[in-house]
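Read off the chains here:
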Amino acid sequence: MAAKMSRAEWRRRRRRKVIILRIIVFSIFALILAGIVFGLVSLFRTFFMHEKLGTLSSAGDVEVLNRMLEKSEYSRNGVRISERGIKGIVIHAVDNPGISAMEQRNYYNSLGTTRSNHLSSHFVVDLDGKIVQCIPVNEQALANGARNGDTLAIDFCYPDETGEPGMFTRSSLVKLTAVLVKRLGLTADGILRHSDITSVDGIDCPKFFQNEDEWRKFKEDVMAQVALLKK
Ligand SMILES: [Zn+2]
């Protein structure tokens with residue numbers, strides 16, 4: 001009788017062991033499966049969603065129109081940059097007074113056909129304050145020379161030869177720069193003028209912000225906006 005009891009007990013223990021073993025094996029498989037799924041999703045995001053991840057839909061209350069350039073070594077060469085590696089945001093003025101953001105964007109896009117220049121920027125801020133994005137922020141633009149790999153480029157439009165951005169343009173430029181400063185974890189030192197980063201003599205881009213008072217005020221406005229965004 002005692003022997004029979006102990007056999008039943010032994011069976012019960014064995015059953016319990018088998019169940020525990022099954023749970024362990026199942027858990028390991030579940031973990032491996034989760035790892036594989038996570039890895040595949042990450043790869044998918046990196047390779048197929050990168051454009052979406054690098055796209056802004058708005059800057060504060062200003063809508064960002066996504067009008068990405070077609071791939072071309074003359075404007076959008078497709079070279080990826082890691083957002084963590086971005087050290088600065090470089091402000092440029094477009095070359096011609098009165099030109100609109102879409103005209104500037106279309107000029108960049110046409111370089112793939114005309115092959116007359118290597119040039120582009122991530123964003124163009126229009127005369128009326130509208131923002132056009134030409135290149136995802138996790139891809140290089142061709143505006144900042146040796147710094148293309150670790151900076152972003154923003155162009156702004158202006159109505160006349162003074163190069164001064166209009167009220168709406170300036171306001172959107174402040175908001176866009178602030179959103180990027182926050183997103184990339186930069187400080188005021190990361191807000192740069194084209195003339196700050198070029199080694200080419202005589203480049204006074206952006207002309208209006210060569211005035212140090214105006215430039216200081218602009219950077220202060222951006223950092224005030226950054227503080228608002230953090231609230
Ligand atoms: Zn410039």
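What you see is a predicted model, and the numbers here were worked out from it, not measured in a lab.

S.K.: Which residues make up the overall build of the chain, and what values go with them?
M.R.: When its secondary structure is counted, the chain shows 6 helices and 7 strands. Starting at the N terminus, the α and β elements of the chain follow one another as α-α-β-β-β-α-β-β-β-α-β-α-α. Since a compact globule built from 231 residues should have a radius of gyration of about 17 Å, the 27 Å found for the chain marks it as more spread out than a globular shape. Looking at the 231 residues of the chain, the share that counts as buried comes to 41%. In the chain, the proportion of contacts linking residues at least 24 apart, taken out of those at least 6 apart, comes to 74%. Of the roughly 13500 Å² of accessible surface on the chain, 58% is carried by carbon and sulfur atoms. One way to put it: in the chain the 33 positive side-chain charges average out to a point 27 Å from where the 26 negative ones average out.

S.K.: Could you give an account of the pattern of salt bridges, naming the residues involved and the relevant values?
M.R.: Two side chains bearing opposite charge may form a pair once their charged atoms approach each other closely. Applying the stated criterion across every chain, the model contains 15 salt bridges. Measuring nitrogen to oxygen at the nearest pair gives 3.2 Å for the salt bridge that ties arginine 13 to glutamate 9. Within this pair, arginine 13 and its partner glutamate 9 are both found in helix α1 (residues 2-48), separated by 4 residues, close to a single helical turn. Residue class for arginine 13 comes out exposed when judged on its relative accessible area of 52%. For glutamate 212, the salt bridge is made with arginine 193, and the minimal N-O distance between the two is 3.3 Å.

Each value, and the rule that gives it
- Starting from 1, residues in each chain are numbered consecutively following that chain's sequence as written.
- Owing to the predicted nature of the model, reporting of local features is limited to residues with pLDDT of at least 70; listing and counting of side-chain atom pairs is limited to 80 or more, with chain, interface and lining totals taken over all residues.
- Hydrogens and water are ignored here; the side-chain numbers use all heavy atoms of the structure.
- A run of H or I in DSSP becomes a helix once it reaches four residues, and a run of E becomes a strand once it reaches two; helices and strands are each numbered from the N terminus.
- Computation of the radius of gyration draws on C-alpha atoms, with the globule rule given as 2.2 Å multiplied by the number of residues to the power 0.38.
- For every residue, the accessible area obtained with a 1.4 Å probe (protein chains only) is divided by the maximum for its type, and the residue is called buried under 20%, exposed over 50%, and partly exposed between those limits.
- Every residue pair with non-hydrogen atoms within 4.5 Å of one another is taken to be in contact.
- Only the protein chains shown count as cover for residues, and all accessible areas are computed by the Shrake-Rupley method using a 1.4 Å probe.
- We treat Lys and Arg as the positive residues and Asp and Glu as the negative residues; His and chain ends play no part in the count.
- A charged residue contributes its charge at one atom only: NZ of Lys, CZ of Arg, CG of Asp or CD of Glu.
- Put simply, a salt bridge is a Lys or Arg side-chain nitrogen that is within 4 Å of an Asp or Glu carboxyl oxygen.

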